[in-house]
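Breakdown of the fold
Given next are the chains, with one letter for each unit.
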Amino acid sequence: MAVREIRLIGDPVLREKCKRIAKSDKGLQKLIDDMIETMSAARGLGLAAPQVGVPIRLFIVQLPEDTEDEPQAGKLFIFYNPEIVKASGEHTPEEGCLSIPGYVANVRRADEVTVKGKDRDGRDHRVKATGLLAQAFQHEIDHLDGILFIDRLNSLDELRTVDPNETEPVAAG
């Protein structure tokens with residue numbers, strides 16, 4: 001496993017609509033392992049493949065084990081070719097991004113989503129998520145469509161600065 005460079009805002013790969021993955025192979029497995037290592041090193045909640053320079057439809061999410069009111073906290077989710085098949089409710093939680101370090105904003109998201117796709121082994125995978133997990137899934141799927149959380153703001157004036165080295169992970173991918 002290797003820690004890969006996280007691409008920052010301004011890198012064109014972050015604005016690409018990512019390609020679907022035809023099959024799971026050794027190269028994909030290596031990329032997944034590297035993404036897990038990279039996300040952990042960056043203290044993120046999620047990471048999408050374009051954030052490490054690979055424009056394919058793959059993301060990982062793992063909420064910290066001590067996340068309150070999150071029944072799936074600590075579980076690692078790996079999705080490729082994901083899509084949101086159901087969304088309901090609305091909330092406006094704080095959100096950050098590893099590709100836009102030092103900034104957060106409140107972003108309108110569905111409160112509950114059902115995401116389907118393939119898991120690491122290529123099996124069909126469907127997860128119903130609420131709260132922070134639903135937010136992270138939506139954030140990562142946006143990355144696969146070339147959308148950054150700042151694109152969902154009415155104005156960049158809504159951004160707030162934070163210390164990117166703070167102890168609590170607030171950044172999704």
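Residues numbered from 1 in each chain as written. Predicted model: local features only at pLDDT ≥ 70, side-chain atom pairs only at ≥ 80, totals over all residues. Heavy atoms only, no water.

Moving on, we come to the overall build of the protein chain. Helix and strand counts for the protein chain stand at two helices and nine strands. Secondary structure elements of the protein chain occur, N-terminal to C-terminal, as α-β-β-β-β-β-β-β-α-β-β. A globule of 173 residues ought to have a C-alpha radius of gyration of about 16 Å, and the protein chain, at 15 Å, matches this closely. With respect to the three principal axes, the spread of C-alpha positions in the protein chain is 45 × 30 × 30 Å. When the 173 residues of the protein chain are sorted by exposure, 47% land in the buried category. (Helix = DSSP H or I, 4+ residues; strand = E, 2+ residues; numbered from the N terminus. Rg over C-alpha atoms; globule rule 2.2 N^0.38 Å. Buried < 20%, exposed > 50% of the residue type's maximum accessible area, 1.4 Å probe, protein only.)

Attention shifts here to the pattern of salt bridges. Where charged atoms from two side chains of opposite charge come close, those side chains can pair. According to the stated counting rule, one finds 16 salt bridges in the structure shown. When the shortest N-O distance is used, the salt bridge between Asp34 and Lys30 registers 2.9 Å. One end of the pair, Asp34, and the other, Lys30, are both in helix α1 (residues 26-42), four residues apart, so they sit about a helical turn from each other. Residue class for Asp34 comes out buried when judged on its relative accessible area of 2%. A residue is classified by how much of its surface remains accessible, and Lys30, at 40% relative accessible area, is partly exposed. Taken together, the salt bridges that share partners define one network made up of Glu95, Arg109, Asp142 and Arg152. (Salt bridge = Lys/Arg side-chain N within 4 Å of Asp/Glu carboxyl O.)

The next subject is a negative patch on the surface. There is a patch of like negative charges on the surface, built from Glu65, Asp66, Glu68 and Asp69. The residue Glu65 is located in the loop between β2 (58-62) and β3 (76-88) in this model. With a relative accessible area of 70%, Glu65 lands in the exposed category. (Patch = residues over 30% accessible without salt bridge, like charges linked within 9 Å, V, L, I, M, F, W, Y side chains within 5 Å. Areas by Shrake-Rupley, 256 points an atom, 1.4 Å probe, with all protein chains shown as cover. Lys, Arg positive; Asp, Glu negative; His and termini not counted. Charge placed at Lys NZ, Arg CZ, Asp CG, Glu CD.)

Before going further, it helps to examine the sheet that holds strand β7 (residues 124-130). Spatial ordering of the open sheet is given by β1-β2-β3-β6-β7, a layout of five strands whose pairing is antiparallel. Whereas interior strands pair on both sides, the edge strands pair on one side only; in this sheet they are β1 (46-48) and β7. Adjacent strand axes in the sheet meet at a mean angle of 40° when their direction is disregarded. Taken strand by strand, α1 contacts β1, β2 and β3, and its axis lies near 40° from that of β2. (Pairing = 2+ DSSP bridges. Axes fitted to C-alpha atoms, helices over the stretch in contact; angles between N-to-C directions. Contact = heavy atoms within 4.5 Å.)

Phi at Arg43 takes a positive value of approximately 60°, unusual for a residue other than glycine. Tracing the chain through its elements places Arg43 in the loop between α1 and β1. If you check the backbone angles, Asn81 has positive phi at about 50° while not being a glycine. Residue position: Asn81 is located in strand β3.

Let us now look at the environment of Val13. For Val13, the position within the fold is in the segment before α1. Expressed as a C-alpha distance, the spacing of Val13 and Lys128, which sit 115 residues apart in the sequence, is 29 Å. If sequence neighbours within four positions are ignored, Val13 has contacts with Arg7, Pro50, Gly53, Val54 and Pro55.

This part covers α1. Under the 1.5 Å per step criterion, the end-to-end length of α1 is 24 Å for 17 residues, consistent within 8% with the ideal 24 Å. Buried within α1 are the following residues: Leu28, Gln29, Leu31, Ile32, Asp34, Met35, Ile36, Thr38 and Met39. After α1 finishes, the residue Arg43 shows a positive phi value of roughly 60°. (Expected span 1.5 Å × (residues − 1).)

What follows is about the pairing of strand β6 (residues 112-118). Where β3 lies against β6, six bridges are found, and the strand directions are antiparallel. Bridging from a neighbouring strand, Glu83 pairs with Lys116 of β6. Relative to β7, β6 runs antiparallel, the two sharing seven bridges. Paired with Glu112 across the strands is Thr130, a residue of β7. Between the end of β6 and the start of β7, which pair antiparallel, lie five residues, with Gly122 showing a positive phi angle near 85°.

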